[in-house]
Amino acid sequence: MASSSGVPPPCSSLRAKRKCTRKDEDTSLDWANLPEGPAGSIAERLLSDDVADYVRFRAACAAWRACSVEPRAHSVLHQRFHPRLWVMLPSTLNAAGNRRLFLNVSTGERIRVRLPDPHGCYVLGHTAEGLVLLCWKDTYLIQLLNPLTGQLADLPSAAALLKESPSLAFINPFAQQRSNNHSPSKKWSLDDELEAFSLRSAGLAGNSTIAIHFGRCFDILAFAQPGDESWMTPSSIPPQFLSAFMFAGRFYCITEDNMLVVEITANQQPQLVQVASYTLGRPVRLFDDIYPVVNDGTLFICLRHDKFSLGENCCTYRANVETGKMIPTKLLDGHSLFVDQYDPRSILVPAGISPSIKPDTIYVCKGDDNSGRPRIDAFNAFGGRSIEQPSVDAEDIAYYLSCYARGY
């Protein structure tokens with residue numbers, strides 16, 4: 001069940017009560033007064049597993065908070081506190097105002113986390129590390145938030161991102177023209193752009209730079225560090241840009257036949273540098289999609305061929321970003337991949353997260369059927385055509401994963 005509090009609730013082991021005899025009471029351990037050494041060790045162990053459990057531990061009592069590190073004493077970029085196991089689900093699943101639903105991709109646990117009031121703030125999306133990008137409607141200030149610890153940092157404004165950067169300036173004439181053609185009395189505004197903002201991927205490029213990939217009609221890359229006054233953009237974006245992804249702490253882009261990495265040097269414009277060329281078993285065609293996903297240091301590339309020529313099917317490869325070598329594989333190491341049919345949005349999860357999810361299977365999410373249930377086609381990981389169309393209800397973890405992949 002989802003929590004109704006702003007932070008994850010104390011885990012059941014911390015809340016558990018038991019009936020004790022007088023003898024038990026005399027000999028039982030006083031957990032609240034646990035010595036600082038053992039309590040600190042427990043806190044560190046929890047933090048290494050999942051920051052949500054660490055937050056629960058600190059919320060239990062003042063003594064435990066005193067023997068553990070306060071996350072907000074550190075930068076939001078401090079990686080030890082990143083909620084990497086958690087993804088933010090679409091706002092359409094909200095049932096409690098500004099309490100946004102988050103899903104643990106390892107266990108399937110769901111919690112509701114209090115975010116700023118949506119009437120005063122745009123929620124632009126989240127990074128690969130689980131951090132949330134916010135934009136305030138009154139100032140257009142963009143902020144980076146750790147939703148579980150409350151750590152926060154200022155980034156350059158949305159005006160700087162969408163209007164002031166020369167390489168992004170072509171968006172605004174296009175948007176202005178579209179607005180004038182459809183509604184001459186309404187001037188296309190920054191709020192209109194933010195309402196339609198589509199974050200496709202984001203993450204830390206190095207230790208202190210945020211990289212974002214966004215756009216519906218165009219692929220836009222932008223970079224900034226907390227405290228910067230403006231966003232940086234590459235001098236050029238490669239043609240046939242298919243997707244962007246985080247791997248080993250670096251931000252990569254993939255085209256039809258090349259992999260590129262973002263190189264950031266102090267006081268210089270970011271550069272996209274080719275690191276390797278690659279070939280797949282079949283050429284990438286128009287309307288095909290590529291989904292890069294990472295599991296425990298292994299990069300998988302899933303290629304989904306469109307259904308307009310040879311029939312829809314999926315092929316999966318283990319990828320080496322340094323050499324470009326692509327090794328066909330039928331396995332996803334026991335995991336399953338949920339993808340959107342129109343966008344490179346994807347999520348890799350262990351199959352055991354739900355009984356309805358099969359290992360080494362790709363689930364292509366295609367909207368809802370007439371009854372409102374998600375329409376999903378399941379494929380074998382390598383070279384497989386659709387093997388089934390699973391039916392999932394609204395309480396199944398597969399339902400939430402399909403909503404995440406589709407973005408609604």
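Note that the structure is predicted; figures quoted are calculated from it, not measured.

(A) Quick look at the side chain of T149. With respect to the helices and strands, the residue T149 is situated in the loop between β6 (142-145) and β7 (152-155). Looking at T149, the relative accessible area reads 7%, which means it is buried.

(B) Layout of the pairing of strand β19 (residues 335-340). The buried fraction of β19 amounts to 6 of the 6 residues, a majority that puts the element mostly inside the structure. Across the two faces of β19 the burial is the same, with H335, L337 and V339 and S336, F338 and D340 all buried. Pairing of β19 with strand β20 (residues 346-350) involves 5 bridges; the strand directions are antiparallel. Directly across from V339, in β20, lies its bridge partner S346. Count of turn residues in the β19/β20 antiparallel hairpin: 5 residues. Relative to strand β21 (residues 361-368), β19 runs parallel, the two being bridged by 5 bridges. Within the sheet, the bridge partner assigned to F338 lies in β21 and is Y363.

(C) Region of interest: the environment of G367. Structurally, G367 is set in strand β21. Of the residues examined, G367 reaches a relative accessible area of 9% and is grouped as buried. G367 sits 27 residues away from D340 along the chain, and the two C-alpha atoms are 8.8 Å apart.

(D) Main features of the pattern of salt bridges. Within this structure, the stated rule accounts for 16 salt bridges. Between R45 and D49 there is a salt bridge, and its shortest N-O distance comes to 3.9 Å. Here R45 and its partner D49 are both found in helix α3 (residues 36-49), 4 residues apart, which amounts to about one turn of the helix. The class of R45 is exposed, set by a relative accessible area of 58%.

(E) Seen up close, the confidence of the model for the protein chain. Mean pLDDT over the protein chain: 83, with 83% of residues reaching 70 or higher. Every residue in residues 1-24 scores below 50 in pLDDT, and together they form 36 contacts with partners more than four places removed in sequence or on other chains. Segment residues 164-187 is flagged for pLDDT under 50; beyond a separation of four residues in sequence, or across chains, it makes 29 contacts in the model.

Here is what the cut-offs are and how they apply
Residues numbered from 1 in each chain as written. Predicted model: local features only at pLDDT ≥ 70, side-chain atom pairs only at ≥ 80, totals over all residues. Heavy atoms only, no water. Helix = DSSP H or I, 4+ residues; strand = E, 2+ residues; numbered from the N terminus. Buried < 20%, exposed > 50% of the residue type's maximum accessible area, 1.4 Å probe, protein only. Pairing = 2+ DSSP bridges. Salt bridge = Lys/Arg side-chain N within 4 Å of Asp/Glu carboxyl O. pLDDT = per-residue confidence, 0-100. Contact = heavy atoms within 4.5 Å.

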